[in-house]
Amino acid sequence: MNLSIVTIVIIGATVLASFKGFNDFSFFEKYKFNIGAIRRGEQIRTITSGFLHVDVSHLLFNMLTLYFFAPIVVQYFGDIKFLLIYFGSLLAGSLLSLSFHKNEYHYSAVGASGAVTGILYAAILLQPEMRLAFFFIPIPIPAYIFGIGYLLYSIYGMKSRIGNIGHTAHFGGAIGGYVLTLLLMPSLIVQETLMVLLLAIPIVVLFVLEKTGKI
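Given the structure is predicted, the values throughout are model-derived calculations rather than measurements. (Residues numbered from 1 in each chain as written. Predicted model: local features only at pLDDT ≥ 70, side-chain atom pairs only at ≥ 80, totals over all residues. Heavy atoms only, no water.)

### Comments concerning the packing of aromatic side chains
For the record, the criterion: Between rings of Phe, Tyr and Trp, where Trp is taken as its six-membered ring, a pair exists when centres lie within 6.5 Å; planes separated by under 30 degrees are stacked, by over 60 edge-to-face, and by other angles tilted. Numbering of helices and strands runs from the N terminus; a helix is a DSSP stretch of H or I covering at least four residues, while a strand is a stretch of E covering at least two.
One pass over the structure, following the stated rule, counts ten aromatic pairs. Between Tyr 153 and Tyr 156, the aromatic rings sit 6.5 Å apart at their centres with planes inclined by 40°, giving tilted as the arrangement. Of this pair, Tyr 153 and Tyr 156 both sit in helix 7 (residues 143-160), three residues apart, which is roughly one turn of that helix. Taken together, the aromatic side chains of Phe 51, Phe 82, Tyr 86 and Phe 87 make up a single cluster linked through ring pairs.

Next comes the structure, spelled out in structure tokens:
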């Protein structure tokens, strides 16, 4: 698989920063996502937290996902717009987390999951006929079904607070990838109308739950 230089730089920077964080507690604490610190004015954490990870498996999962799906987005948009979607999704994930947890001053999170989920959702929009297979799902399934299911699971995770996972950042990242992809390629709204509507379902569900105070 041919990776663009931009993708290689992002993966390299994330790996280096993550390993620095594994071995340097003060570095990790200084740049992780933390509600209290961000509300005190350290907004840079909304971006830097995307280059830190909890452990090697967390890092490996995110970078492998990026490795497989970044080329699709780069193929359609080129390096600059890919960067816009990547960092836009990262920021969207951080902002949604900030919105949902704004009164939890000790809430912290790290990981490129928001940005990577945005790239994944963008790739699904661009190639909805794509099929995905996983170790736990040996039979390939349509990518859009995985995307919808993943976000519905994220809503469940946000509501139930299950696991030590930043479900809110994942969801915000997906919203970022979805919106930016449609802004950059509005023709998809006409060409893939059904897919655009289907992938919007979890976003609408989250909006309704939030407005009705159920999440």
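Read on for the rest.
### Section: the nonpolar core
Spelled out, the test is: Residue types Ala, Val, Leu, Ile, Met, Phe, Trp, Tyr and Cys, when buried and joined through side-chain atoms within 4.5 Å, form a set referred to as a nonpolar core. Buried means the residue's accessible area, taken with a 1.4 Å probe over protein chains only, is under 20% of the maximum for its type, while exposed means over 50%, and partly exposed covers the values in between. Whether two residues touch is decided by their heavy atoms; if any such pair falls within 4.5 Å, the residues are in contact.
In terms of nonpolar packing, the biggest core is built from 50 residues, with Leu 66, Val 73, Phe 82 and Tyr 178 touching the most fellow members. Broken down by secondary-structure element, the contributors of at least two residues to this core are helix 1 (5-23), helix 5 (56-100), helix 6 (113-126), helix 7, helix 8 (167-184) and helix 10 (193-211). The leading source of residues in this core is helix 5, at 14 residues. Sequence-distant contacts of Val 73, that is, excluding residues within four places in its chain, are made with Gly 78, Phe 82, Ile 85, Ile 119, Ala 122, Ala 123 and Leu 126.

### Remarks on the environment of Phe 77
Looking at the element boundaries, Phe 77 is found in helix 5. Residue Phe 77 is classed as buried on the basis of its relative accessible area, which comes to 11%. Counting along the chain gives 104 residues from Phe 77 to Thr 181, while the straight-line C-alpha distance between them is 9.2 Å. Dropping the residues within four chain positions of it, Phe 77 is found in contact with Phe 82, Ile 85, Leu 126, Thr 181, Leu 184 and Met 185.

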